[in-house]
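Tertiary structure, described
Chain by chain, the residues run as shown.
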Amino acid sequence: MEKGPFSVEWLAQSSRGGARELPGSPLQTPPSVPADSPREREAAERPGHGAVSGGAAPGRPRTKFSAAQLQELERSFREQRYIGAGEKRRLAAVLNLSQSQIKTWFQNRRMKFKRQTQDAR
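Scope of this entry: the structure provided in the associated data block. Here the structure is a predicted model, which is why all the values come from computation and not from measurement.

You will see that N96, though not glycine, has its phi angle at about 60 degrees, which is positive. In this structure, N96 sits in the loop between helix 4 (85–95) and helix 5 (99–120).

Right, here's the structure in full:
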């Protein structure tokens, strides 16, 4: 049987790391980042960002909304459960939050509302 690209033998060899490129192809698989690279050392040094961390995904820390921000968000939610682009921009500017924080707050608030209405039944 021929050992051309995508033959059983070629695929088996490539899954073991033996074949790095298609025959006749100028492109190669980029080398992997060494284990002692600065990026990996930095990630290992930061608490909560290791491969085995049990917490949330790394990224922005949890936002603590002020009472005034929550009051305005709740007022807007009572008027309309789904926020439009214009209202999202307005709220973000007024409350000094990002549009993605506003969007996420509305998503979470809708889920809270859904749980509350299901529990009431």
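This paragraph deals with the packing of helix 4 against helix 5. The interhelical angle for the contact between helix 4 and helix 5, taken along N-to-C directions, is 110 degrees, at an axis separation of 8 Å. Classified by the interaxial angle, the pair formed by helix 4 and helix 5 is roughly perpendicular. The crossing of helix 4 and helix 5 is right-handed. Residues K88, R89, L91, A92 and L95 of helix 4 lie in contact with helix 5, whose contacting residues are Q99, I102, K103 and F106. Class assignment of the residues belonging to the contact of helix 4 with helix 5 gives a composition of five nonpolar, one polar and three charged.

Time to look at the pattern of salt bridges. Applying the stated criterion to the full structure yields five salt bridges. For the salt bridge of R109 with E74, the shortest nitrogen-to-oxygen distance reads 3.0 Å. With R109 in helix 5 and E74 in helix 3 (residues 67–79), this residue pair connects regions lying 35 residues apart in the sequence. Note that E87 is salt-bridged to R90, the shortest N-O span being 2.9 Å. You can see E87 and its partner R90 sitting in helix 4, three residues apart, about one turn around the helix. For E87, a relative accessible area of 27% gives the class partly exposed. Classification of R90 by relative accessible area gives partly exposed; the value is 33%.

Procedures and definitions
Residues numbered from 1 in each chain as written. Predicted model: local features only at pLDDT ≥ 70, side-chain atom pairs only at ≥ 80, totals over all residues. Heavy atoms only, no water. Helix = DSSP H or I, 4+ residues; strand = E, 2+ residues; numbered from the N terminus. Axes fitted to C-alpha atoms, helices over the stretch in contact; angles between N-to-C directions. Parallel < 35°, antiparallel > 145°, perpendicular 65-115°, else oblique. Left-handed = near helix turned anticlockwise from the far one by under 90°. Contact = heavy atoms within 4.5 Å. Nonpolar A, V, L, I, M, F, W, Y, C, P; charged D, E, K, R; others polar. Salt bridge = Lys/Arg side-chain N within 4 Å of Asp/Glu carboxyl O. Buried < 20%, exposed > 50% of the residue type's maximum accessible area, 1.4 Å probe, protein only.

Nothing here speaks to function; it is geometry throughout.
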